[in-house]
Amino acid sequence: MLVKMKALPEKVAFIIGLSLILGSGLLLFLLSLVFSIDNWITMAVGGMIWGIAFIFIAIAADKRHSRIDKK
């Protein structure tokens, strides 16, 4: 799975990570209105989403850093 994430261009990976961070709170809030979800489940799912988003942003930063160092 990490190989597929690393294959993405840096801008796409950064946009995916940023949209996951910004959209996860709203999505989890709307899901908690529709379904009765406990707070600990919401926090656990939110933590997993934020972890995946951090991986996308870290991959984008690593690609940018390696591209700038080569010049």
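Just so you know, the residues in each chain are numbered from 1, in the order the chain's sequence is written. Side-chain atom pairs in this predicted model are given and counted only at pLDDT of 80 or more, local residue features only at pLDDT of at least 70, and totals for whole chains, interfaces and linings cover all residues. Only heavy atoms go into the side-chain values, all of them from the structure, while hydrogens and water stay out.

Caption draft 1: Examining helix α2 (residues 10-34) more closely. Note on conventions: DSSP H or I runs of at least 4 residues are helices, E runs of at least 2 residues are strands, and numbering of each starts at the N terminus. To estimate the expected span of a helix, count its residues, drop one, and scale the result by 1.5 Å. In this model α2 runs 35 Å from its N-terminal to its C-terminal C-alpha over 25 residues, within 8% of the 36 Å that 1.5 Å per residue would give. Maximal helix bending in α2 amounts to about 40°, located at Gly 23. Only protein chains enter the accessibility calculation, which uses a 1.4 Å probe; a residue is then buried when its area is under 20% of its type maximum, exposed when over 50%, and partly exposed in between. Of the residues making up α2, those classed as buried are Glu 10, Ala 13, Gly 17, Ser 24 and Leu 28. Axes are fitted to the seven residues ending at a residue and to the seven starting at it; the angle between these axes is taken as the bend at that residue.

Caption draft 2: Molecular detail of the pattern of salt bridges. By definition, a salt bridge exists where a carboxyl oxygen of Asp or Glu is found within 4 Å of a side-chain nitrogen of Lys or Arg. Inspection of the entire model under this criterion finds one salt bridge. The partner of Arg 64 in a salt bridge is Glu 10, with the nearest N and O atoms 3.6 Å apart. In this pair, Arg 64 is assigned in helix α3 (residues 39-70) and Glu 10 in helix α2, connecting sequence segments 54 residues apart. When its relative accessible area of 44% is taken as the criterion, Arg 64 is described as partly exposed. Overall, the relative accessible area of 19% leaves Glu 10 in the buried class.

Caption draft 3: Up close: a nonpolar patch on the surface. The patches described consist of residues with a relative accessible area above 30% and no salt bridge, like charges being joined within 9 Å and nonpolar side chains (Val, Leu, Ile, Met, Phe, Trp, Tyr) within 5 Å. Using the Shrake-Rupley algorithm and a 1.4 Å probe, accessible areas are obtained, with residue cover drawn only from the displayed protein chains. There is a patch of nonpolar side chains on the surface, built from Leu 26, Leu 27, Phe 29, Leu 30, Leu 31, Leu 33, Val 34, Phe 35, Ile 37, Trp 40, Ile 41 and Met 43 and spanning about 1,200 Å² of accessible area. Those elements giving two or more residues to the nonpolar patch turn out to be α2 and α3. The dominant element in the nonpolar patch, judged by the number of residues it contributes, is α2, at seven residues. Looking at where Ile 37 falls in the secondary structure, it is placed in the loop between α2 and α3. In this structure Ile 37 comes out as partly exposed when scored by relative accessible area, which is 30%.

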